[in-house]
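Residues per chain are reported as follows:
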Amino acid sequence: MNQVIDVLMKRRSVRAYEEKEISADVKAEILKATLRAPTAGNMMLYSIIEVTDQKIIDRLAITCDNQPFIARAPMVWLFLADYQRWFDFFLASGVEELCKQKQVPMRKPEEGDLFLGCCDALIAAQNAVIAAESFGIGSCYIGDIMEQYEIHKELFELPQYTFPICLLVFGYPTREQTKRPYTKRFDEKFILFENQYHRLDKQDFKAMFREHEARMSKGKSKEGIANFGQAMYVRKFDSAFSVEMSRSVRLILEAWKN
Ligand SMILES: Cc1cc2nc3c(=O)[nH]c(=O)nc-3n(C[C@H](O)[C@H](O)[C@H](O)COP(=O)(O)O)c2cc1C
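Everything numeric in this text was worked out from a predicted model, so none of it was measured. (Residues numbered from 1 in each chain as written. Predicted model: local features only at pLDDT ≥ 70, side-chain atom pairs only at ≥ 80, totals over all residues. Heavy atoms only, no water.)

**Some remarks on the packing of aromatic side chains**
(1) Moving on: Scanning the entire structure with this criterion turns up 10 aromatic pairs.
(2) Moving on: Between Tyr161 and Trp256, the ring centres sit 5.4 Å apart and the planes meet at 75°, which makes this aromatic pair edge-to-face. Note that Tyr161 is positioned in the loop between helix 7 (149-156) and strand 4 (162-171) and Trp256 in helix 12 (residues 240-257), a separation of 95 residues in sequence.
(3) Moving on: For Tyr161, a relative accessible area of 4% translates into the label buried.
(4) Moving on: Chaining the aromatic ring pairs together yields one cluster made of Trp77, Phe79 and Phe170.
(5) Moving on: Its end group placed over the ring of Tyr182, Arg12 keeps NZ or CZ at 4.1 Å from the ring centre.
(6) Moving on: Lys20 extends its terminal NZ or CZ atom over the ring of Tyr172, reaching a point 4.0 Å from the ring centre. (Phe/Tyr/Trp six-rings, centres within 6.5 Å; stacked < 30°, edge-to-face > 60°. Helix = DSSP H or I, 4+ residues; strand = E, 2+ residues; numbered from the N terminus. Buried < 20%, exposed > 50% of the residue type's maximum accessible area, 1.4 Å probe, protein only. Lys NZ or Arg CZ within 6 Å of the ring centre and 35° of its normal.)

**Remarks on the nonpolar core**
(1) Moving on: Ile30, Phe79, Ile137, Phe163 and Phe170 are the most contacted members of the largest nonpolar core, which totals 37 residues.
(2) Moving on: Of the residues forming this core, the biggest block, 10 residues, is contributed by helix 6 (residues 111-134).
(3) Moving on: By size, the runner-up hydrophobic cluster in this structure holds 21 residues, among which are Cys64, Phe69, Leu80 and Cys140. (Core = buried A, V, L, I, M, F, W, Y, C linked by side-chain atoms within 4.5 Å.)

**A word on unusual backbone geometry**
(1) Moving on: Of note, the phi angle at Gln103 is positive, near 60°, even though the residue is not glycine.
(2) Moving on: Non-glycine residue Gln148 carries a positive phi angle of around 50°.
(3) Moving on: As for its position among the elements, Gln148 is in the loop between strand 3 (138-142) and helix 7.
(4) Moving on: Of the residues examined, Gln148 reaches a relative accessible area of 26% and is grouped as partly exposed.

**Here's the deal with the site of the ligand**
(1) Moving on: Inspection of the region around the ligand gives 13 residues, with Ser13, Arg15, Gln67, Asp144 and Thr183 positioned closest.
(2) Moving on: Arg11 places a polar side-chain atom, nitrogen or oxygen, 3.0 Å from an oxygen atom of the ligand.
(3) Moving on: The side chain of Thr183 places a nitrogen or oxygen atom 2.8 Å from an oxygen atom of the ligand.
(4) Moving on: Coverage of the ligand by the protein amounts to 63% of the 620 Å² it exposes when considered alone.
(5) Moving on: In the shell around the ligand, the residues fall into 4 nonpolar, 4 polar and 5 charged. (Near = heavy atom within 4 Å. Polar contact = N/O pair within 3.5 Å; in protein donor to acceptor, adjacent residues only side chain to side chain. Areas by Shrake-Rupley, 256 points an atom, 1.4 Å probe, with all protein chains shown as cover. Nonpolar A, V, L, I, M, F, W, Y, C, P; charged D, E, K, R; others polar.)

**Some points on the environment of Leu168**
(1) Moving on: Tracing the backbone shows Leu168 in strand 4.
(2) Moving on: Taking C-alpha positions, Leu168 is 11 Å from Leu80, a pair spaced 88 residues apart along the chain.
(3) Moving on: Look past the residues within four positions of Leu168 in its chain and what remains in contact with it is Met75, Val76, Trp77, Phe79, Ala125, Ala128, Val129, Cys140 and Tyr141. (Contact = heavy atoms within 4.5 Å.)

**Structural notes on the pattern of salt bridges**
(1) Moving on: Under the definition given, this model contains 10 salt bridges.
(2) Moving on: Among the salt bridges present, the one from Arg85 reaches Asp82, with a minimum N-O distance of 3.6 Å.
(3) Moving on: The partly exposed category is assigned to Arg85, whose relative accessible area is 41%.
(4) Moving on: The class for Asp82 is buried, based on a relative accessible area of 7%.
(5) Moving on: Here Lys257 ties to Glu111 by a salt bridge, and the two come within 3.4 Å at their closest N and O atoms. One end of the pair, Lys257, is in helix 12; the other, Glu111, is in helix 6, and 146 residues separate them in sequence.
(6) Moving on: Look at the salt bridges and you will find they share partners, linking Arg107, Glu110 and Asp113 into a network. (Salt bridge = Lys/Arg side-chain N within 4 Å of Asp/Glu carboxyl O.)

**A short note on the pairing of strand 4**
(1) Moving on: Among the 10 residues that make up strand 4, 10 are buried, leaving the element largely enclosed by the rest of the structure.
(2) Moving on: Pairing geometry for strand 2 (residues 75-82) and strand 4, over 8 bridges, is antiparallel. For Phe79, the partnering residue across the bridge sits in strand 4 and is Cys166. (Pairing = 2+ DSSP bridges.)

**Section: the side chain of Gln84**
(1) Moving on: Looking at the element boundaries, Gln84 is found in helix 4 (residues 84-92).
(2) Moving on: The class for Gln84 is buried, based on a relative accessible area of 12%.
(3) Moving on: Aside from chain neighbours lying at most four places away, what touches Gln84 is Pro159, Gln160, Tyr161 and Thr162.

Next up, the structure:
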């Protein structure tokens, strides 16, 4: 195994941190590696906001679905899909006048541009995760940053063509965290297909979730939930945070479109 694979295989999400600052030098190295991430058209369609104001971090620990560990992270980076910078550059470059001359409407950022920006931002974020890991610094994605758009827009003064796609919190893991068992992944045959998409049937699901079902049948069934699929539907897919995320993302999309 080479060192890169070793770092990738040993990474796990870290949610409890030592009280130890991340030095400016190490931070700079992580940032350099982050900015080397592949980027669509070499346009860097993302921005990073380093959140250093503890008052804002404390607020995020609440607005991101009440996750108190966020407030204890020594480094917090917000990743934005960002077309604002390029759109402002187009405006500053007289593109409006060019379009008038050509008698064509000026195109504004649309859904495709947003998706490309999200790709860029997430790829850069994962570079940050792996770079940090290589220094022994753990991290955790916070997807709930996509919730509560109205609050986050105001907190970070987000302009129209930005989209808060993920928050990353970093810190040196506590000893307990380094001993936590690794989360399991599904067998690759359920994830990797050849040439065509393969829809799974009941038999496949039985094999795929055998361990989850076994673990669940040991516990007591609550709320009339009969199996792992029903539990995941109720606790994740149809949970209050998922519904809030959809509401908030719809709002961000509307902001992009108008
Ligand atoms: C897009 C995304 C959003 C996530 N959001 C959260 C979150 O809000 N809170 C949290 O504790 N973990 C979050 N995670 C971490 C996952 O729960 C974690 O990656 C998963 O359980 C697998 O565990 P591992 O990273 O330790 O292998 C998120 C991960 C991703 C990729």
